[in-house]
Amino acid sequence: DNYTKSINVYREINLQYDLARVLFLHSHVFFLEAEYEEGETHLNEAIKIYLEIKEYGELVRCLDLKGKVNFTLGKEETAYEIFIQSCEILEQHGGNLKLLEDLYHKVGEINFKKDNLEKASEYFNKSKELSERNNHYFGIADSIHGLATIEKTKAMLMNLKSRY
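Conventions and cut-offs
- Residues numbered from 1 in each chain as written.
- Predicted model: local features only at pLDDT ≥ 70, side-chain atom pairs only at ≥ 80, totals over all residues.
- Heavy atoms only, no water.
- Helix = DSSP H or I, 4+ residues; strand = E, 2+ residues; numbered from the N terminus.
- Buried < 20%, exposed > 50% of the residue type's maximum accessible area, 1.4 Å probe, protein only.
- Contact = heavy atoms within 4.5 Å.
- Areas by Shrake-Rupley, 256 points an atom, 1.4 Å probe, with all protein chains shown as cover.
- Lys, Arg positive; Asp, Glu negative; His and termini not counted.
- Charge placed at Lys NZ, Arg CZ, Asp CG, Glu CD.
- Core = buried A, V, L, I, M, F, W, Y, C linked by side-chain atoms within 4.5 Å.

1. Thoughts on the overall build of the protein
Then step 1. Within the protein one finds eight helices and zero strands.
Then step 2. Counting helices and strands in the order they occur from the N terminus, the protein gives α-α-α-α-α-α-α-α.
Then step 3. When its C-alpha atoms are laid out on the principal axes, the protein stretches across 70 × 35 × 25 Å.
Then step 4. Looking at the protein residue by residue over its 164 residues, the buried ones come to 38%.
Then step 5. When contacts within the protein are restricted to residue pairs at least 6 apart in sequence, those whose partners lie at least 24 apart make up 45%.
Then step 6. Only carbon and sulfur atoms are counted for the fraction: they give 52% of the accessible area of the protein, which is about 9800 Å².
Then step 7. Between the mean site of the 21 positive side-chain charges and the mean site of the 28 negative ones, the protein shows a separation of 5 Å.

Now the structure itself:
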């Protein structure tokens with residue numbers, strides 16, 4: 001296929017950035033076709049290249065995809081660790097603030113699912129603050145919804161405790 005041909009050409013002429021980009025795109029196709037092992041192989045190679053060439057924005061895009069795939073496959077703890085690592089990279093090196101906002105929200109959601117309400121609230125607030133700074137109204141709404149759900153859950157728990 002054309003992806004494989006491109007990968008071979010970029011390997012031959014040693015264009016690392018372009019090679020990593022095609023590997024990332026090809027991994028995405030493999031994941032869509034439920035060929036997870038092959039997709040992971042390509043994605044891990046792209047991650048390695050982006051690390052070597054210090055292309056942190058693209059690295060985080062790869063890690064985000066890896067986290068999503070792990071989450072979809074039921075590996076929530078692995079996904080969580082990948083999302084946290086991605087947040088740390090963007091916080092340290094800068095880059096795509098919209099992606100950072102989304103990552104904060106994902107970490108908040110996973111903490112909520114794990115009943116870690118304080119940590120979930122922390123990440124929803126981080127997402128909300130970033131959304132506000134960037135006038136991203138849907139992000140603000142999503143974050144407020146997450147925070148409201150936490151407060152509703154706390155109220156329900158308090159109500160249950162008071163009954164028993």
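2. Focus on the environment of Leu25
Then step 1. Here Leu25 lies in helix α2 (residues 16–32).
Then step 2. On the basis of relative accessible area, Leu25 is assigned to the partly exposed category, the value being 33%.
Then step 3. Expressed as a C-alpha distance, the spacing of Leu25 and Glu12, which sit 13 residues apart in the sequence, is 19 Å.

3. Some points on the nonpolar core
Then step 1. In this structure, Leu43, Ala46, Cys62, Leu103 and Val107 are the most contacted members of the largest nonpolar core, which totals 34 residues.
Then step 2. If one sorts the elements of this core by residue count, helix α5 (residues 76–93) sits on top with eight residues.
Then step 3. Ala46 has contacts with Ala20, Leu23, Phe24 and Cys62, leaving out every residue within four places of it along the chain.
Then step 4. Grouped together as the second largest cluster of nonpolar side chains are five residues, Leu117, Ala120, Leu147 and Ile150 included.

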